[in-house]
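# An overview of the molecular structure
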Amino acid sequence: MSKNIDLHWMRQAFDLAAQAATCDEIPVGAILVQANQCLAQGWNQPITTCDPTAHAEIVTLRQAAQLLRNYRLLDTTLYVTLEPCIMCAGAILQARVKRVVFGAYDPKAGAAGSRFDILRDTRHNHQVECVGGVLAEECGKVLTEFFKTRRHIETR
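Residues numbered from 1 in each chain as written. Predicted model: local features only at pLDDT ≥ 70, side-chain atom pairs only at ≥ 80, totals over all residues. Heavy atoms only, no water.

### Focus on the overall build of the chain
In terms of helices and strands, the chain carries five helices and five strands. Going residue by residue from the N terminus, the α and β elements of the chain occur as α-β-β-α-α-β-α-β-β-α. Against the compact-globule benchmark of 15 Å for 156 residues, the chain has a radius of gyration of 15 Å, which places it among compact chains. A burial count over the chain gives 44% of its 156 residues as buried. Here the analysis covers contacts within the chain between residues at least 6 apart in sequence; of these, 56% occur between residues at least 24 apart. Total accessible area on the chain is roughly 8,500 Å²; 53% of this is exposed by carbon and sulfur atoms. (Helix = DSSP H or I, 4+ residues; strand = E, 2+ residues; numbered from the N terminus. Rg over C-alpha atoms; globule rule 2.2 N^0.38 Å. Buried < 20%, exposed > 50% of the residue type's maximum accessible area, 1.4 Å probe, protein only. Contact = heavy atoms within 4.5 Å. Areas by Shrake-Rupley, 256 points an atom, 1.4 Å probe, with all protein chains shown as cover.)

Below, the structure is given as structure tokens:
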């Protein structure tokens, strides 16, 4: 996959993260692509929907599965602005996503190599190709600013 294509789609996911921030959600965006076409997109929505599973990745995978009328999302690439957590990594494995490209690393809870390496674990019957650090600085800055602002508001 070309670096330019990954940058293009990560920028789209980055724009979706901004949508999450406008809803007071943690700014994470995701987009699922197949044959260089967007199948589905989403952003974090656990607070808005009162659903702890409504991470950007899960929202996007659900939307794509409904569109394709199949829970197997073969030959797809998921672009997400933050390294997936364990829950999302499990869903990505179950959906048989081929590639995950993410922006910022998550050293506390990342499941694509930072804290855990769920997606490439050979004990599963499916492994996912992972590319991390695409637009990492921009994706990380949005998250840092979001939490800085939130801490400031909470300490007032």
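### Description of the packing of helix H3 (residues 56–68) against helix H4 (residues 86–95)
The geometry of H3 relative to H4 is characterised by a closest axis approach of 9 Å and an angle of 20 degrees between their N-to-C directions. Considering their axes alone, H3 and H4 lie roughly parallel with respect to each other. Once H3 is placed against H4, the crossing between them reads as left-handed. Facing H3, whose interface residues are Glu-57, Ile-58 and Leu-61, H4 presents Met-87, Cys-88, Ala-91 and Ile-92. (Axes fitted to C-alpha atoms, helices over the stretch in contact; angles between N-to-C directions. Parallel < 35°, antiparallel > 145°, perpendicular 65-115°, else oblique. Left-handed = near helix turned anticlockwise from the far one by under 90°.)

### Concerning the nonpolar core
Membership of the largest hydrophobic core comes to 39 residues, with the highest contact counts inside it found for Val-97, Val-100 and Leu-119. If you list the elements that add at least two residues to this core, you get helix H1 (3–22), strand E1 (29–34), strand E2 (37–43), H3, strand E3 (77–82), H4, strand E4 (99–104) and helix H5 (136–154). A per-element tally of this core places H1 first, with five residues. (Core = buried A, V, L, I, M, F, W, Y, C linked by side-chain atoms within 4.5 Å.)

### Side note on the environment of Gly-132
Following the sequence through the fold, Gly-132 ends up in the loop between strand E5 (129–131) and H5. Taking the C-alpha atoms as reference points, Gly-132 and Tyr-79, 53 residues apart in sequence, are found 9.9 Å from one another. Each residue touching Gly-132, except ones within four places of it in the same chain, is listed here: Phe-102, Gly-103 and Tyr-105.

### With respect to the sheet that holds E4
Strand order across the open sheet formed by five strands is E2-E1-E3-E4-E5, with mixed pairing between neighbours. Looking at strand neighbours, the two that pair on one side only are E2 and E5, the edges of this open sheet. Adjacent strand axes in the sheet meet at a mean angle of 15 degrees, parallel and antiparallel pairs treated alike. Across five bridges, the pairing between E3 and E4 is parallel. Counterpart to Leu-78 in the pairing with E4 is Val-100. The sheet strands contacting H3 are E1, E2 and E3, and the helix crosses E2 at an angle near 140 degrees. (Pairing = 2+ DSSP bridges.)

### A look at the side chain of Thr-81
With respect to the element layout, Thr-81 can be found in strand E3. Thr-81 sits in the buried class, given a relative accessible area of 2%. Setting aside anything within four residues of it in sequence, one finds Thr-81 in contact with Met-10, Ala-13, Phe-14, Ala-17, Pro-27, Val-28, Gly-29, Gly-103, Ala-104 and Cys-139.

### A few points about H3
Look at H3: 18 Å from first C-alpha to last across 13 residues, which is about the 18 Å you get at 1.5 Å a residue. What H3 keeps buried is the set Ala-56, Glu-57, Ile-58, Val-59, Thr-60, Leu-61, Ala-64 and Ala-65. One or two residues past the end of H3 sits Arg-69, with phi positive at roughly 55 degrees. (Expected span 1.5 Å × (residues − 1).)

### What about the environment of Ala-35?
Mapped onto the fold, Ala-35 is located in the loop between E1 and E2. A residue is classified by how much of its surface remains accessible, and Ala-35, at 69% relative accessible area, is exposed. C-alpha separation for the pair Ala-35 and Val-142, spaced 107 residues apart in sequence, amounts to 29 Å.

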